[in-house]
Amino acid sequence: MIFPMGDRGELSTGSPELLVPRRVVGVFAHPDDEVFCAGGTMAKWATEGASIAVVCATRGEAGQIRDATTAVRRTLGRVREGELRQACAHLGVADVTMLDYGDGALDAVDPDALADHVGRLLVDADPDVIVTFADDGAYGHPDHIAISNATTAAAIRLRRTTWSSRPIPVRLLRSHFPSSRISLAERLADWLVSMDRPFGGSADYGRALTLFAAEAATMRFASDDVRIVWYPSGSLIVEQDEPATSLLLILSGTVDVAKEGADGALHHLQSLGEGQFFGELGVAGRRARSASVIANGNVTCLELSTTERTKFDGRGATAGRPHEAEPPTVEPGREREPGVVSVDVTAHLDDKLAALAAHRSQYPIDVDAFPRSMLQEMYGTEYFVVVPTDG
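Model, not experiment: these values are computed from the prediction. (Residues numbered from 1 in each chain as written. Predicted model: local features only at pLDDT ≥ 70, side-chain atom pairs only at ≥ 80, totals over all residues. Heavy atoms only, no water.)

K.L.:
What should I look at first to understand empty space enclosed by the protein in this one?
P.N.:
Counted according to the given criterion, the structure contains 3 cavities of 30 Å³ or more. The volume enclosed by the largest cavity comes to roughly 80 Å³. Taken together, 13 residues make up the lining of the largest cavity; nearest its centre are Phe 36, Phe 177, Phe 221, Thr 381 and Glu 382. Breaking the lining of the largest cavity down by element, the ones donating at least two residues are helix H1 (33-47), strand S5 (171-176), helix H10 (372-379) and strand S13 (381-387). Here the lining of the largest cavity takes 3 residues from S13, the largest share from any one element. Its residues placed into classes, the lining of the largest cavity shows 7 nonpolar, 3 polar and 3 charged. (1 Å grid on protein atoms, 1.4 Å probe; cavity = no way out; pocket = protein on both sides within 12 Å on 5 of 7 lines; lining within 4 Å. Points joined across faces, edges and corners; volume = space filled by probe spheres on them. Helix = DSSP H or I, 4+ residues; strand = E, 2+ residues; numbered from the N terminus. Nonpolar A, V, L, I, M, F, W, Y, C, P; charged D, E, K, R; others polar.)

Below you can see the structure in the form of structure tokens.
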């Protein structure tokens, strides 16, 4: 038995300890799903003696190409299959099975046929734990939902001996991505103000942080409102004395930082360019802006906001935001729901990050460029719902 269970097969109401399974099979839709869904957990179990296998339904050939040096559209599927195998090696996965379904079309496959295909693979693998997506597909992705439904149906049939001469007492874990109250803007601002010298990034850093922040928001690892904003020349991007609710990174162009004097004139303090942050002092200090920032020519910025922006937000020191909810009274972290179990994968964070970086066509990032404490807070715990398959 992999989890302490109640008399009727449900998860015990105490603090369940996830014991080491004998054999685990993860069933996912695309290369890189394995990292986000259960990368740290698989690495943990592998080091503890479990045999880990991954089944990937598609090659991810319809995905983005975020590093043009890695692939073109014609080669992307083959490249991503190689990236998956490299990532799985970092996670201690012993076996990778790549299916040949079309990326972006899993929801068009006959559900019974897909469940039958997955089920027969599981019979051959003989696992005691199966891992897949939750029924919401993490964020509503149709491929994720299709493979979750097929895997869940297959796990139930395994217990009913549809394909086997004996019951296979599998436990089904569906990855869960609870909403997080962690703010990238606040964590990065604290990191920036703790430095001995001003941070100087690059175009590559700007691209990496943009991808990292967008993915974190999509997967609910962070609560920030993430936007890329273009400002025409002369725009007041940040206004002195207004509430500091966002951290900005310059992706292109330059800005002038100026202090408003008692005479109403703006006095130039410094200029900033591509790869540099501004706004960190106000965000880190939880105080109003100490200076204004003006676009010197057209400027594009990555904007990480601690509150969701709207089209009717006011500006200035007295601008109210009556539409905003009161901040949570609990400590920052992840919302926990009943029936969810967690796995501390802090000891395997490096394995998980190395696996993520192996997916270079999707995530051309250097994880060492981000605060370690922030990465640990975001990726150091994985969550699952244990689904009854007794049926």
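K.L.:
It is not clear to me how helix H3 (residues 111-125) should be interpreted in this structure. Could you clarify?
P.N.:
In an α-helix, one turn spans 3.6 residues, which is why side chains three or four residues apart end up on the same side. Across its 15 residues, H3 extends 21 Å between first and last C-alpha, which sits within 8% of the 21 Å expected from 1.5 Å per residue. Taken as a whole, H3 has its buried residues at Leu 114, Ala 115, Val 118, Gly 119, Leu 122 and Ala 125. What you see down the axis of H3 is that its buried residues fit within an arc of 130 degrees, all on one side. More than 90 degrees from the buried face of H3, the exposed residues found are Asp 112 and Asp 124. Between the side-chain oxygen at the start of H3 and the backbone nitrogen of Asp 112 there is a gap of 3.2 Å, and the oxygen is on Asp 110. Of the residues flanking the end of H3, it is Asp 126, one or two places downstream, whose phi is positive at about 55 degrees. (Expected span 1.5 Å × (residues − 1). Buried < 20%, exposed > 50% of the residue type's maximum accessible area, 1.4 Å probe, protein only. Arc of directions from axis to C-beta. Polar contact = N/O pair within 3.5 Å; in protein donor to acceptor, adjacent residues only side chain to side chain.)

K.L.:
Hey, could you run me through the pairing of strand S8 (residues 246-260) in this one?
P.N.:
Regular strands have side chains that alternate between both faces of the sheet. Two elements, S8 and strand S11 (residues 292-305), share 11 bridges in a ladder whose sense is antiparallel. Pairing of Leu 249 across the sheet is with Leu 302, part of S11. The sheet contact formed by S8 and strand S10 (residues 277-278) spans 2 bridges and is antiparallel. In the sheet register, Leu 249 faces S10, and the bridge partner there is Phe 277. Taken together, the 6 bridges between S8 and strand S9 (residues 266-272) define a ladder with antiparallel strand orientation. From the neighbouring strand, Glu 260 faces S9, where its bridge partner is Leu 266. (Pairing = 2+ DSSP bridges.)

K.L.:
What is the right way to read the confidence of the model for the protein from this model?
P.N.:
In low-pLDDT segments, the atomic positions of the prediction should not be examined closely. Summing up the model confidence of the protein, the mean pLDDT is 87 and the portion of residues at 70 or higher is 86%. Contacts from residues 1-17, a stretch scored under 50 in pLDDT, to residues over four places away or in other chains number 29 contacts. This stretch, residues 321-332, has a pLDDT under 50; its non-local contacts, to residues over four places away or in other chains, come to 14 contacts. (pLDDT = per-residue confidence, 0-100. Contact = heavy atoms within 4.5 Å.)

K.L.:
Any chance you could explain the sheet that holds S5 here in plain terms?
P.N.:
Sheet strands pair via backbone hydrogen bonds, and the direction of the pair is either parallel or antiparallel. Spatial ordering of the open sheet is given by S3-S2-S1-S4-S5-S13-S12, a layout of 7 strands whose pairing is mixed. Both edges of this open sheet fall to strand S3 (95-101) and strand S12 (340-344), since each of them pairs with a single strand only. Taken over all neighbouring pairs, the strand axes of this sheet differ in orientation by 25 degrees on average, direction set aside. Direction of pairing for strand S4 (residues 129-133) relative to S5: parallel, over a ladder of 5 bridges. Bridging from a neighbouring strand, Val 131 pairs with Leu 173 of S5. (Axes fitted to C-alpha atoms, helices over the stretch in contact; angles between N-to-C directions.)

K.L.:
What should I look at first to understand H10 in this one?
P.N.:
Where H10 is concerned, the buried positions are Met 374, Leu 375, Met 378 and Tyr 379. Here the buried residues of H10 occupy an arc of 105 degrees about the axis, which is enough to place them on one side. Where H10 is buried, its residues touch H1, helix H6 (184-193), helix H7 (203-218), helix H9 (349-358) and S13.

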